[in-house]
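# Structural features, examined
Now for the letters of each chain:
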Amino acid sequence: MAKPEEVFIRRASGLTRVIGPWDALAYAFMNPGIMYCFLYIIWTHQLYPGVDMRWTAFPGVGLMFFPALLYIWFSIAMPRSGGEYIWGSRTISPAWGFCACWGLSMVGISWAGTCTGWAIWWGLNMAFRSIAVSELGPLAANHSLWKLADFLDQPGPTIVLGTILIISFFIIMWRGARAAMILSWIGVITATMGHIAFDVGVLTGGGFSAFVERFNALSGTTYEAVLEAAKAGEWPVGVYIPAVTLGAGITYVALNTLGSTYTANIMGEVKEVRKSAIIAMLGALILFMTYWAIFYNIAYIGFSGDFWAAAAYFAPGGAGAGTWEGWPFGSVMPMPNFMLVYLNPNVAYAVISSIGFFLCTYASCMGMAFGPVRNIFAWAFDRVIPTFFAKVDKRGSPWAAVLLGAIIAEGFFILQIFQPMWIAYSILAWFFAWALVGVFGIVFYFVSRGRAIFEKSPDIVKKRIGKVPIITIWGVLCFLVGALLDYYMLVPFFQGLISSLYIWITIGFFILPPFIIYYISKYYHIRKGIPMELQFKEIPPD
């Protein structure tokens, strides 16, 4: 029988609290990506025909405040690395806590790998293509930079360049939490510059009339022809449906705020926990709402919603892709940062906006893996996975968990190259996990182990409305948000726009494995005489 002091594999975690409140805000704001609205203006129109993107930011981000409040309350009650895993395992069940945390962690690391390709294709290459268009117009495909972008879009070069990028940002992560926060700040600054360059480029380029005139001169087709071709395909150009807009907002726009909760997973390294949790998770949502609302309104002012609807129809992945030979961009995504060169003759705006997308996405790829890597550390610290992954170097960096995260991210990056649509429903796992976390919040006060932690928590955690603890209310709201968003994510599947294969991939990889791994680990340690259940009665040491 293990002695009480042997509950954990060592007396202290080895992690150090070096992240301040404003660093935590930069990290929360970075994830998944401040500039992904540039891509989602296309994808959202593809999946939600009839959407009006100008009105999606407020309901989409607004809904995210409820899970954020539960995450803040739990972070203050149990400020340790591991987030959902710690909350669930110390409240109702190690297996269910592991399940919730596994899904969120694997989604984050997989996005870190997947979005590395996005940085190359839709950031770096769009800068090259913008210069080519500005110099050769309809003959841009003959420009050396356009050919370079075509070359880098190919699987081989993308894998080589992407692998270098993945290795580099995991090395930065390995340097420690301070280095990771510096990269987060770089991402925030470059994203802000990219957004400003786009906004100024639209507002100083002459607006919508200038876009139509310049697009007709440089694209080889006309604005009117694009819209008429999309309408001929029975695509709803010029149709705006409030219910569709609401659904798109609370799914696709909400997608980009999810990573802010990774701040809860790094609470073992955060100073001034209460202040940091509130500033980071609520501040990030306010910033997201502001940045995205401005972008979508400027994009509609400069190019029109009708154009984005038609462009989505013919863009890669759209229902009309490849059906009209007059579409001038072929397999090239008509990203707003690229389309800017068709509005403003000063190519610098398009280039700065594209480089901003590249650098911001690079930094966010590190950010999306940073919190999940700390979760891997927390699982190993409790022996759920091999304790090797809880090793920490002299700087307080969990190098073994970082190494495992890099390997997983690289695997998903290569998967993205050859099977890009696998990711479409990975987000189902995220909202399923949020529904679980909501349950943790609901029962926290009413189960004996949770009640004991509740009574020892700071006063803010113990606040009530009447006789009901506020954390219980946040739990109910978080559960409703998770269940509702899962429903909306399934709507395109019910409509036949997405294959059911990706749902089974989600269940098979993001939901079932944690149960299998946990029970194998449990019975392995029982046979060695180590009572794992003891460690789940205590909160891990700092």
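Once that is clear, we can look at the overall build of the protein chain. Scanning the protein chain from terminus to terminus reveals 23 helices and two strands. Relative to a compact globule of 542 residues, whose C-alpha radius of gyration would be 24 Å, the protein chain shows 24 Å and is just as compact. By its C-alpha atoms, the protein chain is 80 × 50 × 40 Å across when sized along the principal axes. By residue count, 62% of the 542 residues in the protein chain fall in the buried class. Across the protein chain, contacts joining residues at least 24 apart in sequence account for 84% of those joining residues at least 6 apart. Accessible surface, the protein chain as shown: approximately 19,500 Å² in total, 68% of it carbon and sulfur. The centroid of the 32 positive side-chain charges in the protein chain is displaced by 16 Å from the centroid of its 26 negative side-chain charges.

A cluster of nonpolar side chains, Ile167, Ile171, Trp174, Phe388, Trp399, Leu403 and Ile407, forms an exposed patch at the surface whose accessible area comes to about 660 Å². Where the nonpolar patch is concerned, the elements lending two or more residues are helix 8 (155-174) and helix 18 (399-418). Its location among the elements puts Phe388 in the loop between helix 17 (347-381) and helix 18. According to the relative accessible area criterion, Phe388 is partly exposed, its value standing at 37%.

This part is about helix 1 (residues 21-30). By the criterion of burial, helix 1 is predominantly enclosed, with nine of the 10 residues buried. Among the residues of helix 1, Pro21, Asp23, Ala24, Leu25, Ala26, Tyr27, Ala28, Phe29 and Met30 are the ones counted as buried. Buried residues along helix 1 sit against helix 9 (177-204), helix 13 (262-265), helix 14 (273-303) and helix 17.

Relative to the helices and strands, Asn344 resides in the loop between helix 16 (336-339) and helix 17. With relative accessibility at 5%, the residue Asn344 sits in the buried group. Reaching out from Asn344, the side chain makes a polar contact with the backbone nitrogen of Asn346 at a distance of 2.9 Å.

Another aspect to go through is the side chain of Ser93. One can find Ser93 in the loop between helix 5 (84-89) and helix 6 (94-136). A relative accessible area of 14% means that Ser93 is categorised as buried. Polar contacts involving the side chain of Ser93 include one to the main-chain amide nitrogen of Ala95, which spans 3.3 Å. There is a polar contact of 3.3 Å between the side chain of Ser93 and the backbone nitrogen of Trp96. With near-sequence residues (within four places) excluded, Ser93 lies in contact with Gly88 and Arg449.

Here we come to the packing of aromatic side chains. Evaluated as defined, the whole model comprises 66 aromatic pairs. Relative to Trp292, the ring of Tyr40 has its centre 6.0 Å away and its plane inclined at 65 degrees; by these criteria the two rings are edge-to-face. Placement of the pair is Tyr40 in helix 2 (residues 37-47) and Trp292 in helix 14, with a sequence separation of 252 residues. Per residue, the accessibility class of Tyr40 equals that of Trp292, and both read buried. Each ring, one from Trp327 and one from Phe329, has its centre 5.1 Å from the other, and the planes form 80 degrees; the classification is edge-to-face. Phe329 carries the same exposure label as Trp327, and that label is buried. Positioned over the ring face of Trp174 is Arg395, at 4.6 Å from the centre of the ring.

To continue, consider helix 10 (residues 207-218). Counted at 1.5 Å a residue, the expected span for helix 10 with its 12 residues is 16 Å, and the 16 Å between its end C-alpha atoms agrees. What helix 10 keeps buried is the set Gly207, Ala210, Phe211, Val212, Arg214, Phe215 and Leu218. Buried residues belonging to helix 10 abut helix 6, helix 9, helix 11 (223-232), helix 14, helix 15 (305-314) and helix 16. Just downstream of helix 10, Gly220 is the residue with a positive phi angle, here 90 degrees.

Turning to its location among the elements, Tyr36 is positioned in the loop between helix 1 and helix 2. Classification of Tyr36 as buried rests on a relative accessible area of 1%. For Tyr36 and Ala350, which are 314 residues apart along the polypeptide, the C-alpha to C-alpha distance reads 16 Å. Beyond its immediate stretch of four places on either side in the chain, Tyr36 contacts Cys115, Trp118, Asn256, Trp292, Phe357, Thr361, Ser364 and Met368.

About the thresholds
- Residues numbered from 1 in each chain as written.
- Predicted model: local features only at pLDDT ≥ 70, side-chain atom pairs only at ≥ 80, totals over all residues.
- Heavy atoms only, no water.
- Helix = DSSP H or I, 4+ residues; strand = E, 2+ residues; numbered from the N terminus.
- Rg over C-alpha atoms; globule rule 2.2 N^0.38 Å.
- Buried < 20%, exposed > 50% of the residue type's maximum accessible area, 1.4 Å probe, protein only.
- Contact = heavy atoms within 4.5 Å.
- Areas by Shrake-Rupley, 256 points an atom, 1.4 Å probe, with all protein chains shown as cover.
- Lys, Arg positive; Asp, Glu negative; His and termini not counted.
- Charge placed at Lys NZ, Arg CZ, Asp CG, Glu CD.
- Patch = residues over 30% accessible without salt bridge, like charges linked within 9 Å, V, L, I, M, F, W, Y side chains within 5 Å.
- Salt bridge = Lys/Arg side-chain N within 4 Å of Asp/Glu carboxyl O.
- Polar contact = N/O pair within 3.5 Å; in protein donor to acceptor, adjacent residues only side chain to side chain.
- Phe/Tyr/Trp six-rings, centres within 6.5 Å; stacked < 30°, edge-to-face > 60°.
- Lys NZ or Arg CZ within 6 Å of the ring centre and 35° of its normal.
- Expected span 1.5 Å × (residues − 1).

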